Amino acid sequence: MTGFYLRWAGVIVIVGILALLTSQHYEKHLSSVSPDMVVTGNDSKTTLRVQGMVKSGSLTGNPEDGHAAFELLGASNSLKVQYEGPPPENLRELKTLILIGQWDAENKLFQARETALVTNYGYVASAYIVALLALIAFVFSMSRNVTFLYQEIKESKIYEPELGP
Amino acid sequence: MMNRFIRRIQRFKGWIGAAAALCIFYGLYLGLLDSPPDYYQGEVVRIMYVHVPLAHTALLAYGTLFVGSLWYLWKRDVLVDNMCHAAAGITAAFTILALITGAIWAKPTWNTWWTWDPKLVSFAVLLLIASGYLMLRTFVEDPDKEGRYAAVMAIVGGIDLPIIYFSAEWWRTLHQPLSISMRGVSMSGDILLPLAIMSLGLNLLFIYMLMIRTQMLYLTNLLEAKKGRLLSHAHLSHTSS
Amino acid sequence: MPFFRVIQWVVWKDLISELRSRETLSSMLFFALIVILVFSFSFAMDQDAAQQLIAGIIWVSFVFTGIIGLGKSFSAELQNDAIEYLQMSPAPKGAIYLGKMIGNLLFMLVVEIMLFPLFVLFFNLDIVEEIGLLLLIFFLATLGLSAVGTLFSALTVQIRAREVMLPVLLLPLAVPVMIAAVEATRGALEGQPLVIYSQWIELLTIFDIIFTVVSFWLFDLILDS
């Protein structure tokens with residue numbers, strides 16, 4: 001029995017480590033900041049993901065060709081954005097979206113190269129957690145049952161050949 | 001007394017389980033980290049990599065139940081009957097999970113937890129059929145009758161499933177044509193590879209689960225039969241002395 | 001024993017015992033009346049709503065009364081252990097199945113034909129032109145229901161909790177019959193051209209053929225001691 005539980009503990013530890021690594025990966029690559037944080041910062045090297053709403057009436061240029069300028073609203077500040085990149089389908093006024101690009105601290109301008117949808121990690125995470133946990137629990141309970149049954153059969157000496165009538 | 005078949009199963013079980021775990025972990029890596037987000041659905045599309053393989057595996061499990069039932073009616077092998085029983089339980093589990101992940105996926109994409117889509121209707125009915133099968137098995141006393149009746153139920157259900165799907169599809173197109181489509185989910189290589197790996201992993205996992213569950217049911221029956229026989233034996237020797 | 005003779009005998013036996021006791025038909029009829037009343041109270045329908053829902057209401061009441069009849073079909077054989085004689089009889093089991101199925105079909109059709117005028121009366125339906133087609137739809141859908149239902153009636157009568165298990169096993173399998181019957185009936189009642197709903201009649205026919213054959217083949221395994 002100890003071996004059995006040790007093996008399953010190993011499985012759980014591996015799953016936990018992988019879950020941790022995955023969530024860290026998402027934190028690192030896919031977490032977004034608000035426009036307020038970008039405006040106050042001076043960092044112009046790193047690629048940022050900024051989530052905000054396109055300010056009503058501020059959109060100029062041709063989003064269909066991939067050139068546009070607009071303001072992105074945060075909680076208190078707004079951010080001037082210059083977009084140059086592939087034609088974004090999601091870019092329209094009053095739309096909340098994520099922009100990927102660099103902050104130009106001298107010109108107070110955010111240079112975006114890409115857009116992305118606002119992500120709903122809750123749905124993805126809950127779907128995977130429900131599915132994986134349920135499967136693991138199902139397999140675990142079955143395996144434990146089998147182990148118990150083997151033990152019981154061994155202890156009750158049921159292997160012995162049947163007696164004649 | 002132990003069936004040879006079970007011993008043969010024992011030998012490969014660990015390898016299949018390990019292969020399933022490897023495939024699932026690789027599939028999770030591909031689905032969660034490596035594949036790009038969808039243009040329209042964004043990150044939510046990643047639910048597909050667990051939902052669709054779950055649904056496929058549920059169908060594979062019911063297929064196993066169907067073929068196993070035919071095989072049982074032909075050969076009347078108790079172990080095959082146990083395998084059918086095991087496959088039915090696993091079908092129910094995978095179907096529930098497919099429905100739950102489907103609902104979680106439907107909420108952000110279609111803005112509703114449930115819709116009367118033909119696939120959803122068929123899976124709900126599949127769940128009802130599988131649970132009806134499991135209920136039926138608990139209500140029959142005679143083990144021989146249990147196997148036969150359950151096999152009949154599984155075969156009728158298996159023949160009915162495609163008809164259910166088609167009738168639900170016609171019904172759907174009649175009442176709400178084309179309200180739901182897989183808009184923007186193009187079946188490119190980025191999507192197909194994680195889907196295939198996850199499907200393979202879950203199919204292997206199904207085989208692994210089928211082995212364990214068959215073993216579990218077989219041992220339960222064996223233990224019960226032996227205990228009953230020991231009891232009746234004790235009873236006999238007691239009354240004769 | 002000749003095959004068709006057995007069918008005839010089984011049908012005759014069921015009809016005779018029904019004529020003497022009138023148990024099945026009367027319970028089905030009263031149950032159906034109650035279902036209709038419950039529906040009309042719980043929806044408080046005006047004319048338009050009735051037109052929308054009537055096909056569904058008709059079939060829900062038909063299917064539930066059908067289940068009562070199907071359950072009775074074999075549980076009546078439990079008295080005096082008559083079912084064991086059926087199991088042991090040298091007659092081909094398929095013929096017993098067909099006889100029972102025809103008997104159930106007749107009972108259900110009789111109840112449906114008696115109920116339908118009530119629907120027409122209560123819900124002011126206009127059916128004069130399509131009456132032949134409606135009868136065809138009723139016949140096909142009821143045949144499908146009794147083809148699967150007779151098999152499961154014989155199955156559930158030999159297990160515990162039989163009153164619960166018959167609908168639990170039968171209703172999910174009858175989903176295509178329900179959908180097709182409701183859609184075809186709606187089409188006929190609304191006076192749509194036949195082309196629009198003929199696919200449902202085809203579906204019912206296919207279902208009937210498949211499940212009569214499958215149940216006929218599987219019945220051996222159910223009625224086996």
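Residues numbered from 1 in each chain as written. Chains lettered and ligands numbered in written order. Predicted model: local features only at pLDDT ≥ 70, side-chain atom pairs only at ≥ 80, totals over all residues.

**Q** Teacher, can you tell me more about the overall build of chain C here?
**A** Helix and strand counts for chain C stand at nine helices and zero strands. Walking chain C from its N terminus toward its C terminus, one meets helices and strands in the order α-α-α-α-α-α-α-α-α. In terms of C-alpha radius of gyration, chain C reaches 18 Å, essentially the compact-globule figure of 17 Å for 225 residues. C-alpha atoms of chain C, sized along the principal axes, occupy 55 × 35 × 30 Å. Here chain C holds 225 residues, and the buried ones make up 45% of them. (Helix = DSSP H or I, 4+ residues; strand = E, 2+ residues; numbered from the N terminus. Rg over C-alpha atoms; globule rule 2.2 N^0.38 Å. Buried ≥ 20, exposed ≤ 12 C-beta atoms within 10 Å, placed from the backbone.)

**Q** Would you explain the overall build of chain A in this entry?
**A** Of regular secondary structure, chain A possesses three helices and six strands. From first element to last, N terminus to C terminus, chain A shows the α and β order α-α-β-β-β-β-β-β-α. Across its three principal directions, the C-alpha atoms of chain A cover 95 × 30 × 25 Å. Counting only residues that meet the buried cut, chain A has 19% of its 165 residues in that class. Residue pairs in contact within chain A that sit at least 24 positions apart in sequence constitute 49% of those at least 6 positions apart. (Contact = placed C-beta atoms within 7 Å.)

**Q** Sorry if this is basic, but what is going on with helix α3 (residues 47-75) of chain C here?
**A** In an α-helix, one turn spans 3.6 residues; hence positions three or four apart end up facing the same way. In this model α3(C) runs 41 Å from its N-terminal to its C-terminal C-alpha over 29 residues, within 8% of the 42 Å that 1.5 Å per residue would give. Along α3(C), the helix axis deviates most sharply at Leu53(C), where the bend reaches about 55°. (Expected span 1.5 Å × (residues − 1). Bend = angle between axes of the 7 residues up to and from the residue.)

**Q** I would appreciate a short explanation of the interface of chain B and chain C in the present structure.
**A** Note on interface size: it is often stated as the accessible area lost on association of the parts. The interface is formed by 26 residues belonging to chain B together with 24 residues belonging to chain C. Only α4 (118-138) and α5 (143-175) of chain B provide two or more residues apiece to the side of chain B that touches chain C. Ranked by residues supplied to the side of chain B that touches chain C, first place goes to α5(B) with 17 residues.

**Q** How should the pairing of strand β5 (residues 96-104) of chain A be read in this particular structure?
**A** Looking down a regular strand, the side chains alternate between one sheet face and the other. Residues and elements named next belong to chain A. Relative to β5, strand β1 (residues 48-54) runs antiparallel, the two sharing six bridges. Along β5, the bridge assignment pairs Gly52 with Leu97. Alignment of β5 against strand β6 (residues 109-116), held across seven bridges, turns out to be antiparallel. Across the sheet, residue Trp103 finds its bridge partner in β6, namely Phe110. (Pairing = 2+ DSSP bridges.)

**Q** Help me understand the confidence of the model for chain C, please; the structure alone is not making it clear to me.
**A** Regions with low pLDDT should not have their predicted coordinates read in detail. When pLDDT is averaged along chain C, the result is 89, and 98% of the positions lie at 70 or above. The ipTM, which scores confidence in the relative placement of chains, is 0.90 for this predicted complex, and the corresponding pTM is 0.86. (pLDDT = per-residue confidence, 0-100.)

**Q** What am I meant to see in the packing of helix α2 (residues 23-43) of chain C against helix α5 (residues 93-123) of chain C here?
**A** Two numbers describe a pair of packed helices, the interaxial angle and the distance between the axes. Residue and element names in this part refer to chain C. The contact between α2 and α5 brings their axes to 10 Å, and the two run at 30°. Relative to α5, the element α2 is oriented roughly parallel. The chirality of how α2 crosses α5 is right-handed. On the side of α2, the interface is formed by Thr24, Leu25, Met28, Leu29, Ala32, Ile36 and Ser40, while α5 contributes Phe107, Val110, Val111, Met114, Leu115, Leu118 and Phe122. Tallied by class, the residues present in the contact of α2 with α5 amount to 12 nonpolar, two polar and no charged. (Axes fitted to C-alpha atoms, helices over the stretch in contact; angles between N-to-C directions. Parallel < 35°, antiparallel > 145°, perpendicular 65-115°, else oblique. Left-handed = near helix turned anticlockwise from the far one by under 90°. Nonpolar A, V, L, I, M, F, W, Y, C, P; charged D, E, K, R; others polar.)

**Q** When you look at the interface of chain B and chain A in this model, what are you seeing that I'm missing?
**A** Each partner contributes residues to the interface: chain B has 32 residues there, and chain A has 30 residues. Of all the secondary-structure elements, those providing two or more residues to the side of chain B that touches chain A are α1 (4-34), α2 (48-75), α3 (78-110) and α6 (189-240) of chain B. Taken together, the residues of the side of chain B that touches chain A break down into 21 nonpolar, six polar and five charged.

**Q** Can you walk me through the domain arrangement of chain A in this structure?
**A** Its domain assignment divides chain A into domain 1 (2-25 + 121-155) and domain 2 (32-116). In this structure, domain 1 of chain A and domain 2 of chain A have C-alpha centres spaced 43 Å apart. (Domains from an automatic or database assignment.)

**Q** Sorry if this is basic, but what is going on with the environment of Pro176(C) here?
**A** With respect to the helices, strands and loops of the structure, Pro176(C) is situated in helix α8 (residues 175-189). Look at Pro176(C) and you get buried, because 27 C-beta atoms sit within 10 Å. Between the C-alpha atom of Pro176(C) and that of Ala141(C), which follows or precedes it by 35 residues, the distance is 9.7 Å. Once residues within four sequence positions are removed from consideration, Pro176(C) is found in contact with Ile163(B), Ile164(B), Ser167(B), Leu203(C) and Phe207(C).

**Q** Where do I start with the nonpolar core in this structure?
**A** Side chains that are nonpolar tend, in soluble globular proteins, to be buried together. Counting residues in each nonpolar core, the largest one holds 151 residues, and the members touching the most others are Cys84(B), Val148(C), Ala181(C) and Leu204(C). With 17 residues, α6(B) is the largest single contributor of residues to this core. Contacts of Cys84(B), omitting those with residues within four sequence positions, involve Leu65(B), Gly68(B), Ser69(B), Tyr72(B), Ala150(B), Ala151(B) and Ala154(B). (Core = buried A, V, L, I, M, F, W, Y, C linked by C-beta atoms within 7 Å.)

**Q** Mind showing me how you'd approach the pairing of strand β4 (residues 78-84) of chain A here?
**A** Residues and elements named next belong to chain A. Judged by which residues are buried, β4 turns out to be one-sided: Leu79, Val81 and Tyr83 face inward and are buried, whereas Ser78, Lys80, Gln82 and Glu84, on the alternate face, are not. With seven bridges joining them, strand β3 (residues 67-73) and β4 adopt antiparallel strand pairing. Looking at the pairing, His67 lines up with Glu84 of β4. Where β3 folds back onto β4 in an antiparallel hairpin, the turn is made up of four residues. As paired strands, β4 and β6 are joined by three bridges and run parallel to one another. In the sheet register, Tyr83 faces β6, and the bridge partner there is Ala112.

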